[in-house]
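# Fold and geometry: a report
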Amino acid sequence: MSPHPSGISGRSYVVTGGGSGIGAACAAELAADGAQVTICGRTEAKLTEVAERLAPTVGEGGAVHVVVADVTDEDDVVRLVDTAVAKGGGLHGVVASAGGAGMLSPYHRQDTDEFTRVLKLNVVGTMLLVKHAVQHLATAAGAGEGGSFVGMSSIAGHMTHPYFGAYTVAKAGIEQLMRNAADEYGPRQVRFNAIRPGFIATELMAPIPRDSDVYASYIENTPMGDVGEPEDVAHLVRFLLGDESRWITGQCINIDGGHCLRRGPDFSLFAGSTDFDS
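Here we summarise the structure given alongside this text.

Reading the values: the criteria
Residues numbered from 1 in each chain as written. Predicted model: local features only at pLDDT ≥ 70, side-chain atom pairs only at ≥ 80, totals over all residues. Heavy atoms only, no water. Patch = residues over 30% accessible without salt bridge, like charges linked within 9 Å, V, L, I, M, F, W, Y side chains within 5 Å. Areas by Shrake-Rupley, 256 points an atom, 1.4 Å probe, with all protein chains shown as cover. Salt bridge = Lys/Arg side-chain N within 4 Å of Asp/Glu carboxyl O. Lys, Arg positive; Asp, Glu negative; His and termini not counted. Charge placed at Lys NZ, Arg CZ, Asp CG, Glu CD. Helix = DSSP H or I, 4+ residues; strand = E, 2+ residues; numbered from the N terminus. Buried < 20%, exposed > 50% of the residue type's maximum accessible area, 1.4 Å probe, protein only. Contact = heavy atoms within 4.5 Å. Pairing = 2+ DSSP bridges. Right-handed = clockwise from strand over helix to strand, strands pointing away. Axes fitted to C-alpha atoms, helices over the stretch in contact; angles between N-to-C directions.

On the surface, Asp226, Glu229, Glu231 and Asp232 cluster together into a patch of negative charge. When you line up the elements, Glu231 lands in helix H7 (residues 230-241). Relative accessible area serves as the criterion here: at 43%, Glu231 is assigned to the partly exposed category.

Right, dumping it as structure tokens:
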């Protein structure tokens, strides 16, 4: 496959959460354009499967590298970034896609340890990537070769999603982290943006029965009347990493089929009672 006119061929990118879903789709998009893509996650088998599956589609000058790492472990993040720099001859962009949700429950029933875990995974994990990648991104930007960081938020980061506990708070935190970083590192020409996927058909959303009221609430509140695919998100990520988006920073961009125009989903089926006595 030929690269886009602005070209990311040969450039180096980190994609966390690259073993499945949106992260794997982002890796596929970048590698097909000839990028050196370093994917990470906590399960080696999943990462290896993605790398092997993508191998036939990698564009000229590209490759997919695998690093087993936990984004909440600072030593792991340092090793991840160092590996990407070594493999790709620098670091031109980061996709912070690793994240996750916790228990569905009203706040008065939330488990505090689980709440903290979700915050750490999403917010601290993203912050550690900023901390250890930004100097390399600034070097790339100074050479006129990228310097873009994309944080994975969610529609839940700015619209109420009752019973989602720490997840909504964590995604809002990622958005503010991206805004602040965009302001801090703008003078170094490093760009930071967040994207807000709605319902995307990934493994994370697979447990929602397609004939349930929960699924129906997504469709009813989405003007385009469907759910998104990981590739839809990957196309936007590719744009934000490329030179075509050189004047875009500090933004939180919805990719949700218009869902943000209405209201969040109804997960009361899974959340239990809000009765304080039961």
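Moving on to the side chain of His65. Within the element layout of this structure, His65 appears in strand S3 (residues 63-68). Owing to a relative accessible area of 17%, His65 belongs among the buried residues under this scheme. Dropping the residues within four chain positions of it, His65 is found in contact with Gln36, Val37, Thr38, Ile39 and Lys87.

Let us look at the pairing of strand S4 (residues 93-96). Here S4 shows two buried faces, one formed by Gly93 and Val95 and the other by Val94 and Ala96. For strand S1 (residues 12-16) and S4, the ladder comprises 3 bridges, and the chain directions are parallel. Bridging from a neighbouring strand, Val14 pairs with Val94 of S4. Across 4 bridges, S4 lies against strand S5 (residues 148-152) in parallel orientation. Counterpart to Val95 in the pairing with S5 is Val150. For the handedness criterion, the β-α-β arrangement of S4, helix H4 (residues 112-142) and S5 is classed as right-handed.

Turning to unusual backbone geometry, a few remarks are in order. Despite not being glycine, Tyr163 has its phi angle at roughly 80°, a positive value. When you line up the elements, Tyr163 lands in the loop between S5 and helix H5 (166-185). Classification of Tyr163 by relative accessible area gives partly exposed; the value is 22%. The backbone phi angle of Gln189 is positive, close to 70°, even though this residue is not glycine. Looking at the secondary structure, you find Gln189 in the loop between H5 and strand S6 (191-197).

Another point: the sheet that holds strand S2 (residues 36-41). In spatial order, the strands read S3-S2-S1-S4-S5-S6-S7; together these 7 strands make up an open sheet with parallel pairing. Every other strand in the sheet has two partners, leaving S3 and strand S7 (252-255) as the edge strands with one partner each. Neighbour-to-neighbour, the strand axes of this sheet turn through a mean angle of 20°, independent of strand direction. Bridge count for S2 against S3 is 6 bridges, and the pairing is parallel. Among the inter-strand pairings, Val37 is bridged to a residue of S3, identified as Val64. Docked against the sheet, H7 engages S1, S4, S5, S6 and S7, running at close to 170° with respect to S6.

Limitation: the analysis is restricted to geometry and does not speak to function.
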